[in-house]
Amino acid sequence: MSPRSVFWSSSLLARARTRTRRHSHAAIVLRPIISSLPLSRTRFRFLPNSISTPTLLLKFTPCASLSSMGSADKARVPPAQHSPSPPITKFMVALCQLKVTADKEKNIVHAQAAVEEAVDKGAKLVLLPEIWNSPYSNDSFPLYAEDIDAGFDASPSTAMLSEVASRLKITIVGGSIPERSGDKLYNTCCVFGPDGKLKAKHRKIHLFDIDIPGKITFKESKTLTAGESPTIVDTEVGRIGIGICYDIRFQELAMLYAARGAHLICYPGAFNMTTGPLHWELLQRARAVDNQLYVATCSPARDASAGYVAWGHSTLIGPFGEVLATTEHEETIITSEIDYSQLDLRRTNLPLEQQRRGDLYQLVDVKRLNLNPEN
């Protein structure tokens, strides 16, 4: 087999390194592997000055042993973390598919009643919908936004979530609300533990900017700012990754959560009447089966008179891609059991973690890598 050549400009390499450092908050980089080429089959030299920019020439001859050099643990950089032993292995989760009105106080009282009803049904984890305290519109986001960091006096929605989580001794993934921070607005999910303390805050990373002519056009970026960090949190019901609605379309984020040892990913979301029928369940099942974990989603109930009409169909998906619980579009609370022993079973049935080809591809967790550059 004849040798193949790869040319790398040293100045381009320098700029690439600078660019990587400058964008240290980026969540994921997928990259081919060049550094793993066998040195015995690789030659390095600089081309003469006939090229104005010094260029490094790498020549290598592919060989049969190349594929065997890679290993599964190299497919995740830094190496994937094993899922920790959860505090409990079986529990009930509740998905509260709520009607949302223009009355913020009414929405808060209604959400509290739903959480209390969910606990009466045995739930240890309760999930609320995306934007449950406000109509879903760019006009409404600034009017209903709350300064979460300023404390509960400035954020009645999260004050309620904290109080009810503490009183009922449960974990709440609080859907999302519009958040004001300085001069910026975010679509933000807060997670509260049984002590009522805020355990994590996820700002929607991927903003919902779409244009399907004749169907739907919406641009969250007109008013909202994208979050800059993935969110994974250890709770009393396991390690949970958080995404909000449009975040579910980006498989890299779910892969990252799986590599950080998540048992479950929660996506409060409000898919619409165009993409909902086609993609909502499909994306949930894909995220679950690809990463061999649970996926829970919670939508607002459908209001056909609203400016934005939600698809509904809140759902729990198991690690084999099976639909464990779902509903239609009406207001309801659905409950189902999560059994983490199924994670070990399915990961044994299909040992994907041990079968990945680290010699061919990598998922790079940029944030973890920057914190520990030795890996």
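Computed from a predicted model, the values in this text were never measured in an experiment.

## Some remarks on the pattern of salt bridges
If charged atoms from side chains of opposite charge come close, those side chains can pair. As enumerated under the stated definition, the model contains 14 salt bridges in all. Its salt-bridge partner being E163, residue R167 comes within 2.7 Å of it at the nearest N-O pair. Of the two residues, R167 and E163 both sit in helix α5 (residues 156–168), four residues apart, roughly one turn of that helix. The exposure class of E163 is partly exposed, given its relative accessible area of 36%. Linked by salt bridges that have partners in common, D149, E179, K201 and R203 make up one network.

## Things to note about the layout of surface pockets
By volume, the second largest pocket amounts to about 470 Å³. Taken together, 26 residues form the lining of the second largest pocket, with Q81, H82, S83, R347 and E353 sitting closest to its centre. Elements supplying a minimum of two residues to the lining of the second largest pocket: α6 (251–259), α8 (341–349) and α9 (352–355). When the residues that make up the lining of the second largest pocket are grouped by side-chain class, the tally is 12 nonpolar, nine polar and five charged.

## With respect to the packing of aromatic side chains
In total, this model carries 11 aromatic pairs according to the counting rule given. Ring pairs connect the aromatic residues Y136, F141, F208, F218, Y246, F250 and Y308, which therefore count as one cluster. Just above the ring of Y186 sits the side chain of R203; from NZ or CZ to the centre is 4.0 Å. Taking NZ or CZ as reference, R346 lies 3.9 Å from the ring centre of F320, over its face.

## A short note on the environment of I212
Mapping I212 onto the fold places it in strand β12 (residues 209–212). What makes I212 partly exposed here is its relative accessible area of 30%. As for I212 and T274, which are separated by 62 residues in sequence, their C-alpha atoms are 8.8 Å apart. With residues up to four places along the chain from it excluded, the contact list for I212 reads T217, T274 and T275.

## Quick look at helix α7 (residues 276–291)
If you check α7, its first and last C-alpha atoms are 22 Å apart, about what 16 residues at 1.5 Å a residue would give, namely 22 Å. G276, W280, L283, Q284, R287, A288 and N291 are the residues of α7 that are buried. Down the axis of α7, the buried side of the element spans an arc of 120°, and every buried residue falls inside it. Turned more than 90 degrees away from the buried face of α7, the exposed residues are L278 and L282. Here the buried face of α7 lies against α6, β16 (264–268), β17 (294–298), β18 (315–317) and α8. Two residues or fewer after α7 comes Q292, characterised by a positive phi angle close to 55°.

Thresholds, definitions, all that
- Residues numbered from 1 in each chain as written.
- Predicted model: local features only at pLDDT ≥ 70, side-chain atom pairs only at ≥ 80, totals over all residues.
- Heavy atoms only, no water.
- Salt bridge = Lys/Arg side-chain N within 4 Å of Asp/Glu carboxyl O.
- Helix = DSSP H or I, 4+ residues; strand = E, 2+ residues; numbered from the N terminus.
- Buried < 20%, exposed > 50% of the residue type's maximum accessible area, 1.4 Å probe, protein only.
- 1 Å grid on protein atoms, 1.4 Å probe; cavity = no way out; pocket = protein on both sides within 12 Å on 5 of 7 lines; lining within 4 Å.
- Points joined across faces, edges and corners; volume = space filled by probe spheres on them.
- Nonpolar A, V, L, I, M, F, W, Y, C, P; charged D, E, K, R; others polar.
- Phe/Tyr/Trp six-rings, centres within 6.5 Å; stacked < 30°, edge-to-face > 60°.
- Lys NZ or Arg CZ within 6 Å of the ring centre and 35° of its normal.
- Contact = heavy atoms within 4.5 Å.
- Expected span 1.5 Å × (residues − 1).
- Arc of directions from axis to C-beta.

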